[in-house]
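Examining the three-dimensional arrangement
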Amino acid sequence: PNCTAQLPPGEPRASCCVMSGDRTALLDLLADVKTRAMKIQEAEGGMSAGSFPIPQFVILGKQSVGKSRLIETLAGECFNFVSGTLGSRRPTVLEFRNVPGMAQSVWQVRDPSTNMWTKHTTAEVMRIVGQAHESLGRSVTTVPISVRLESANCADMGVVDLPGFRSYGADDGARKLGDDIEKLNERYMQDSKNVMICVEEAGDSSTYAILGKCKKVDPAGRRTILVRNKLDKYYQDLTPANVDTWLDGDGNLPKALPKFCMTLPFWREGEDKSGQIQQMRKALAEQDQQKLQQEKKCSRSHYDQIGFQKFQVYMENRTEQMYGEAVGPVLAKITEAKKANERIIEALDADIAANDPTMVLHTIRDAGMVFAQAVKHVMEGFLMSEVKRVDMRSEMQAFADEHRGSAEFDLTPHEGFQTTEEYIRFLQDVAQIPAFGVEVNGGAQFLRLKVELETFFRFCEIKVDVTEKEVINMRGVTGYGHVHWGDVIAKLVAAKGNDSMTKVVGYIAERLRFFFSTQKDVILDFMHNVHGAPDEHMYSQLFPQRAQLISSNPMMKELIYNCYDKVLQRQKAEFVDIMQSTLDSTWKSPMQMVKAATMGHFTADMIDQMMIPSLDDTKERVQSEWLRRAKPKQILDQIAREVPDDPARTRDAAEQISSLVLKVFALIRSLTADQMELFAVAFFQLPMMNRLEEDMAGLTLSDEHMRRYQERRDQNIRKRQQHQESLKEMDWCIKEIEKFQMGAANATKRH
């Protein structure tokens, strides 16, 4: 027969012709490959039968339209799988293998637990398949039952018989069953690998409801085959004038759609002609051809559409064509999956070794120390990391959400900001924090954070309203002339300023801790991305190796992250202590802090005037710097001496002292704020990074952690065994496909 008859336009023709001498071997090969694929775990890098580029035919139609009789005719013998009134409720995979000269047909059913074929009598097969459907009750499943027939009288092909579409339901349960069946069928119809055999009753093509469903997913009809059954009922409606138009579909069918019309074997109730199905299918095919070709005078271009035998030839040839074209893609898919599976096994081997009870603690510590080393590089800035990048607004909002209602500090630097949003808008519009709207992480985000911390600190204020009573009390009882107003101012600054700055320090410390805590995933991402980066040679090769180990081991990741967070908490407490000690020393001698910068006013043209100084120049500079440094204190001392001692002017004294306290506090605040970036680095970042590696080296494991690691190791050993079995199946598939290709190539050369 012509193997290209009615094949969809534009599809390759070569493969089926080349392999026409070994059709059964091809079908057996891909059926076995598909079976073995179902045994392979759907793990990462694995594969499943559903992902295979193996095409299949699926039979669609309403109940009682003749789907079952079409399958029986393809099989060459009668059987009825489904008993009861509900019909089929799961896919039935039917593999037909034509074995010339075979005296007795052989039926087999695939055992779902082993994926092995087991021989049964026809009656046993009908019982097993029927029970598989009836056991579902009014439910539906996508899990198929697979049946194989070897016979001298069957077609050489495979099909999937899907449950028939329900036109109506007598009750809610029946309607739900109909809906579930429709969803199941649509799932198969939408798979581009599936070719749909749509069975309709011959008649007006505009009424083909199931074909309409096929058109929705295959408008051009390139993967749909129309079978118009019960042709004998419509003989009388056809005439030489309309037969060709009807065969073409009266303009309702896509031109590319392969279409067949036929009368399938049938007998009246009470008759039993099941043993004559082979003779009947031949006789009815000849009858269909005689009626349409000779009596109705259809054109020769339609001859290949008429009768079951033409349909069988087409199906066998298209099966061979489709399967032949699938061999190459299937081999490529299995080869790709094998490589992925080997990578999984390699990763499992590494994880199993890492979780060895005798080595696990060393492995975790080593990974933690490498993680600690990566922190420095992230803080220096790493362009390729896209993880946890945030703009200033998102960062501030996340911090506020986590600390809303905190009694430790205020979320805004001044009571004039009613909400956090107002403070954020100030940072954006007024302070104009650099890179406010840019999403950054790592070192760039830390630079931006330090500017925000300095801004926050500069809002620090004290409320000073010195009363006459306080002035009298601070003078003491020894007389007016024994009190130095500078000492009074120092006491007031210390008393009023300590509480104000303590809360601000609490905010700064927590902002630093919060920032570094959000960088854990950034650090891990940096370690991953070192591999393949243009500057890969600048970093340790341990970074990507340990990153893979940490990412694949949740317990290791948890331990390292927890250790990192504990270090941050400790550093936060130390930062607060150091800052508080610094401030305490300031409050003891606040007037000593009131000093100006020794450099003096700096201008751009000073760069051009710089030269190596002489000794006399240096002496002059040192003297001028000391004078300049002491200038603010001298001014404040002078103002303090002008505060009146006269008891009659106590109110004036109180006002002047309040003003001086505010000025001294403002100077101290400015000098401290100027150094805030330095404090953030020197008192938090550097000590944290310097000690982090040491803490990672001291990681310990509890008994619970050891138990969980042992469980993980045992689980990975089981996974490895499963993947090893999958690898064996893949090796078998690759070997058999290559052997088949070699045989087909040799056969082609001989021809």
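Residues numbered from 1 in each chain as written. Predicted model: local features only at pLDDT ≥ 70, side-chain atom pairs only at ≥ 80, totals over all residues. Heavy atoms only, no water.

Here we look at helix 8 (residues 277–295)
With 19 residues, helix 8 extends 25 Å between its outermost C-alpha atoms, agreeing within 8% with the 27 Å of an ideal straight helix rising 1.5 Å per residue. All buried positions along helix 8 are accounted for by I277, M280, R281, L284, A285, D288, Q289, L292 and Q293. Turning to helix 8, the residues buried within the fold contact helix 3 (67–75), helix 7 (243–248), strand 9 (259–261) and helix 9 (308–354). Where helix 8 ends, the next residue or the one after it, K297, has phi of about 60°, a positive value. (Helix = DSSP H or I, 4+ residues; strand = E, 2+ residues; numbered from the N terminus. Expected span 1.5 Å × (residues − 1). Buried < 20%, exposed > 50% of the residue type's maximum accessible area, 1.4 Å probe, protein only. Contact = heavy atoms within 4.5 Å.)

Points about the packing of helix 11 (residues 392–403) against helix 13 (residues 442–458)
Relative placement of two packed helices is described by the angle separating their axes and the distance separating the axes. At a minimum axis distance of 12 Å, the contact between helix 11 and helix 13 shows a crossing angle of 70°. As the angle between them shows, helix 11 and helix 13 are arranged roughly perpendicular. Where helix 11 crosses over helix 13, the handedness of that crossing is right-handed. Contacts between helix 11 and helix 13 pair M392, E395 and M396 from the former with Q445, R448, L449 and E452 from the latter. Within the contact of helix 11 with helix 13, the residues separate by chemical class into 3 nonpolar, 1 polar and 3 charged. (Axes fitted to C-alpha atoms, helices over the stretch in contact; angles between N-to-C directions. Parallel < 35°, antiparallel > 145°, perpendicular 65-115°, else oblique. Left-handed = near helix turned anticlockwise from the far one by under 90°. Nonpolar A, V, L, I, M, F, W, Y, C, P; charged D, E, K, R; others polar.)

Quick look at the pairing of strand 5 (residues 145–151)
Strand 5 sits mainly inside the fold: 6 of its 7 residues count as buried. The pairing of strand 2 (residues 92–98) with strand 5 spans 7 bridges and is parallel. Counterpart to F96 in the pairing with strand 5 is L149. (Pairing = 2+ DSSP bridges.)

Let's talk about the packing of helix 10 (residues 360–380) against helix 17 (residues 542–552)
One way to put it is that helix 10 packs onto helix 17 with a least axis distance of 10 Å and a crossing angle of 125°. In terms of orientation, helix 10 lies oblique with respect to helix 17. Considering the relative orientation of helix 10 and helix 17, their crossing is left-handed. Facing T363, D366, A367, V370, F371, Q373, A374 and H377 of helix 10, the residues of helix 17 in contact are L542, F543, R546, L549 and I550. Taken together, the residues that form the contact of helix 10 with helix 17 break down as 8 nonpolar, 3 polar and 2 charged.

Brief notes about the packing of aromatic side chains
Applying the stated criterion across every chain, the model contains 23 aromatic pairs. Each ring, one from F516 and one from F684, has its centre 5.5 Å from the other, and the planes form 10°; the classification is stacked. Taken together, the positions of F516 in helix 15 (residues 485–517) and F684 in helix 23 (residues 676–697) put the pair 168 residues apart, joining distant regions of the chain. By the burial criterion, F516 is buried, and F684 matches it. Ring plane angle 85° and centroid distance 5.2 Å describe the contact between F526 and Y539, whose orientation is recorded as edge-to-face. Taken as a pair, F526 in helix 16 (residues 520–529) and Y539 in the loop between helix 16 and helix 17 lie far apart in primary sequence, 13 residues in all. For the pair F526 and Y539, one class covers both residues: buried. Through a chain of ring-to-ring contacts, the aromatic side chains of F399, F409, F417, Y423, F426, F456, F459, Y507 and F514 assemble into a single cluster. In this structure, R228 packs its charged tip against the face of W246, placed 4.2 Å from the ring centre. (Phe/Tyr/Trp six-rings, centres within 6.5 Å; stacked < 30°, edge-to-face > 60°. Lys NZ or Arg CZ within 6 Å of the ring centre and 35° of its normal.)

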